[in-house]
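Each chain, letter by letter, is given below.
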Amino acid sequence: TVTGTAGIVPDRPLDMRVDGRLDLAVLGLFLPNGAADGTGDLALSLRGTTSAPVAEGTLTLTNGEIQLTDPRIGLSGVNGALLFKPGRIEVQWWCP
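Quick caveat, the model's predicted, so the values are computed rather than measured. (Residues numbered from 1 in each chain as written. Predicted model: local features only at pLDDT ≥ 70, side-chain atom pairs only at ≥ 80, totals over all residues. Heavy atoms only, no water.)

### Here we look at the overall build of the protein chain
Reasoning step 1: When helices and strands are counted, the protein chain shows 0 helices and 6 strands.
Reasoning step 2: Overall, the C-alpha framework of the protein chain stretches about 40 × 25 × 20 Å when taken along its three principal axes.
Reasoning step 3: By the burial criterion, 21% of the 96 residues in the protein chain qualify as buried.
Reasoning step 4: Restricting the contact set of the protein chain to residue pairs at least 6 apart, pairs at least 24 apart contribute 38%. (Helix = DSSP H or I, 4+ residues; strand = E, 2+ residues; numbered from the N terminus. Buried < 20%, exposed > 50% of the residue type's maximum accessible area, 1.4 Å probe, protein only. Contact = heavy atoms within 4.5 Å.)

### A short note on empty space enclosed by the protein
Unfilled space is identified by rolling a water-sized probe across the atoms.
Reasoning step 1: A full pass over the atoms with the stated rule returns 1 cavity of 30 Å³ or more.
Reasoning step 2: The calculated volume of the largest cavity comes to roughly 40 Å³.
Reasoning step 3: In terms of lining, the largest cavity is formed by 10 residues, of which the most central are L24, L61, G64, E65 and I66.
Reasoning step 4: Taken together, the elements giving at least two residues each to the lining of the largest cavity come down to β3 (34-49) and β4 (53-69). (1 Å grid on protein atoms, 1.4 Å probe; cavity = no way out; pocket = protein on both sides within 12 Å on 5 of 7 lines; lining within 4 Å. Points joined across faces, edges and corners; volume = space filled by probe spheres on them.)

Below you can see the structure in the form of structure tokens.
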């Protein structure tokens, strides 16, 4: 579910909330040398402006899979949570 408002042009106010189940394959967009699979529960708020968004929230991973080609790494059965804070993402807990 996505709620809130977002301007279309740069420097417009951004006030949105994203909640729901996420297909982790989407994370592949951020892994240039890899792919992801599984599901996650997302609770994320986006504030600031469209040119300088600030994200805060969590992504809880359940039975996920991450494959990297360089370096060659594969993880399966991954359970954990990512904590989104302004300017960074922290691994809250991770249990491969």
